[in-house]
Amino acid sequence: MKEKILIIKSKNLSSFENEYVEKVILNKINHVSYKYLEDLKKEDFLIINKEFHVIFQVSDVIRNSETFKNIDECSKNLDEFSLIHLGDETLSQSYEFYKNCKVVLRAYFNPNIEYKNYTIPVGFQSGFKNEQRTKDEKFYKWVFFGQLHNDRYRIINYLKNLNPNLYQKSEYFMDKNSISVERQKEIYEKSMFVVCPFGVINPDTFRIMETLEGGSIPIIKRFYFTDYFKFIYGDHPFPTVVSWRNASKLITYYSDNKNKYDELHNAIEEWYINYLNNLSEDIKNLIYGNENVQSKQFYYQKNHGRKLSVVFSFWFEFKFKRMKYIYRINKIILRIYYKIISLIE
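Values in this document were obtained by computation on a predicted structure and should not be read as measured data.

For this particular structure, what's the right way to read the overall build of the protein chain?
Counting its regular elements, the protein chain contains 12 helices and 11 strands. The C-alpha radius of gyration computed for the protein chain amounts to 21 Å, which stays within 12% of the reference 20 Å derived for 345 residues, consistent with globular compactness. When the backbone C-alpha atoms are referred to their principal axes, the protein chain occupies close to 65 × 50 × 40 Å. Relative to its full complement of 345 residues, the protein chain shows a buried share of 50%. Look at the contacts in the protein chain between residues 6 or more apart in sequence, and 71% of them connect residues 24 or more apart. Of the charged side chains in the protein chain, 51 are positive and 43 negative, and the gap between their average positions amounts to 6 Å.

This is how it looks when you write it as structure tokens:
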């Protein structure tokens, strides 16, 4: 196994996840270099193949995209290579390329991929990494920043009377008018809980790791008949609700019992530090050919991913609900609901 690692990515790839890739995914791997795909010629790969193990970093694996065509062609000049795939929120991309990879690290768990892969968290926006973990006095009981879609209007209604709180609506992902990363970190540090509903399409969301980096506690929700986040975070200690109606009681309980909150906060802090350490160590071992991983989420992915409850939950969310007529009916119902909520407010 070559010791030196070369990360190859497109110039079109956003810098959004750079800090996550460098300080978590590749944290324990030495001798890492970076090059842009567009700066390399076919003959360069003959030299690269002798010295480096190549890891392609992509957001999408879409057959007809120009970037993927280039990666597919360049990979033919390599003895072996790996892939970091941090896109595919809809679980609908092409996975055939996976079969040629030594190691595939991907975001968004998908139990229906036939090729070997390891699911990792979607990560966090660059700027959130907390190198010095301090325990700040909490002021807000709960906070939320993001778009208001799906069940998020209901969450705000369930929790808005629990004060002090702070929530801010953004119109779209990476809204220029939304609160800055620096300010979010400051607020998370002073918040007991951050409400972490599912993303627009997928249960996983940047908000969870951003909350953990900010020193707060994420509240998450079960995914139908299963705890989706066991496949991402293993035996996590996150407060979990079946319905967002239950979040109010949970927040009130810990607000009224400071000692219990401190116990939970300390347990999550200790767990998270160990989680990051094990994740980075496992990724290093995988890249260097040792498949004896320790992280519990990889065990769940391999041994529980095909359970009937999991398969049904994924089929219902990503297949049934996205059938055209079902999707249209659901969209109309939600539009009417949100209109009523906006009139009430």
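I keep staring at helix 2 (residues 44–51) and nothing clicks. Help me out?
Given 3.6 residues per helical turn, the α-helix brings residues three or four places apart onto the same face. Along helix 2, the residues classified as buried are Phe45, Ile48 and Asn49. Projected down its long axis, helix 2 carries its buried residues within an arc of 105°, all on one side. What points out from helix 2, more than 90 degrees from its buried face, is the exposed set Leu46, Ile47 and Lys50. Structurally, helix 2 contributes buried residues whose contacts are with strand 1 (4–9), strand 3 (52–58) and helix 3 (66–75).

Which parts of the structure should I look at to understand the sheet that holds strand 6 (residues 118–119)?
Pairing between sheet strands relies on hydrogen bonds along the backbone, with the strands arranged either parallel or antiparallel. Taken together, the six strands give an open sheet; going across it, the order is 2-1-3-4-5-6, and neighbouring strands pair in parallel fashion. Edge strands, defined here as strands with exactly one partner in the open sheet, are strand 2 (32–36) and strand 6. Where strand 5 (residues 104–106) and strand 6 come together, two bridges link them in parallel fashion. Residue Arg106 lies in a different strand from strand 6, and its bridge partner there is Thr119.

Is there a simple way to explain the sheet that holds strand 9 (residues 191–195) in this structure?
Spatially, 8-7-9-10-11 is the arrangement adopted by the five strands of the open sheet, whose pairing is parallel. Each edge of the sheet is formed by a strand with only one pairing partner; in this case those strands are strand 8 (165–169) and strand 11 (240–241). Where strand 10 (residues 217–221) and strand 11 come together, two bridges link them in parallel fashion. Following the sheet pairing, Lys221 is matched in strand 11 by Val241. Here helix 8 (residues 247–256) sits on the sheet in contact with strand 7 (140–146), strand 9, strand 10 and strand 11, set at roughly 170° to strand 9.

Even after reading the chapter, I still don't get the packing of helix 8 against helix 9 (residues 258–287), so can you show me in this structure?
Relative placement of two packed helices is described by the angle separating their axes and the distance separating the axes. Between helix 8 and helix 9, the least distance of the axes is 5 Å, while the angle of their chain directions is 105°. Taken together, the axes of helix 8 and helix 9 are roughly perpendicular relative to one another. Between helix 8 and helix 9, the residues in contact are Tyr253, Tyr254 and Asp256 and Lys258, Lys260, Tyr261 and Leu264, respectively. Taken together, the residues that form the contact of helix 8 with helix 9 break down as four nonpolar, no polar and three charged.

I keep staring at the packing of aromatic side chains and nothing clicks. Help me out?
Aromatic ring pairs: the centre-centre distance and the angle between the two ring planes describe each pair. In this structure the tally under the stated criterion is 37 aromatic pairs. Between Phe109 and Phe314 the ring centres are 5.8 Å apart and the planes differ by 80°, which places this aromatic pair in the edge-to-face class. Remark: Phe314 occurs in helix 11 (residues 308–318) and Phe109 occurs in the loop between strand 5 and strand 6; sequence separation between them is 205 residues. Residue classification places Phe109 among the buried positions, given a relative accessible area of 4%.

Here is what the cut-offs are and how they apply
- Residues numbered from 1 in each chain as written.
- Predicted model: local features only at pLDDT ≥ 70, side-chain atom pairs only at ≥ 80, totals over all residues.
- Heavy atoms only, no water.
- Helix = DSSP H or I, 4+ residues; strand = E, 2+ residues; numbered from the N terminus.
- Rg over C-alpha atoms; globule rule 2.2 N^0.38 Å.
- Buried < 20%, exposed > 50% of the residue type's maximum accessible area, 1.4 Å probe, protein only.
- Contact = heavy atoms within 4.5 Å.
- Lys, Arg positive; Asp, Glu negative; His and termini not counted.
- Charge placed at Lys NZ, Arg CZ, Asp CG, Glu CD.
- Arc of directions from axis to C-beta.
- Pairing = 2+ DSSP bridges.
- Axes fitted to C-alpha atoms, helices over the stretch in contact; angles between N-to-C directions.
- Parallel < 35°, antiparallel > 145°, perpendicular 65-115°, else oblique.
- Nonpolar A, V, L, I, M, F, W, Y, C, P; charged D, E, K, R; others polar.
- Phe/Tyr/Trp six-rings, centres within 6.5 Å; stacked < 30°, edge-to-face > 60°.

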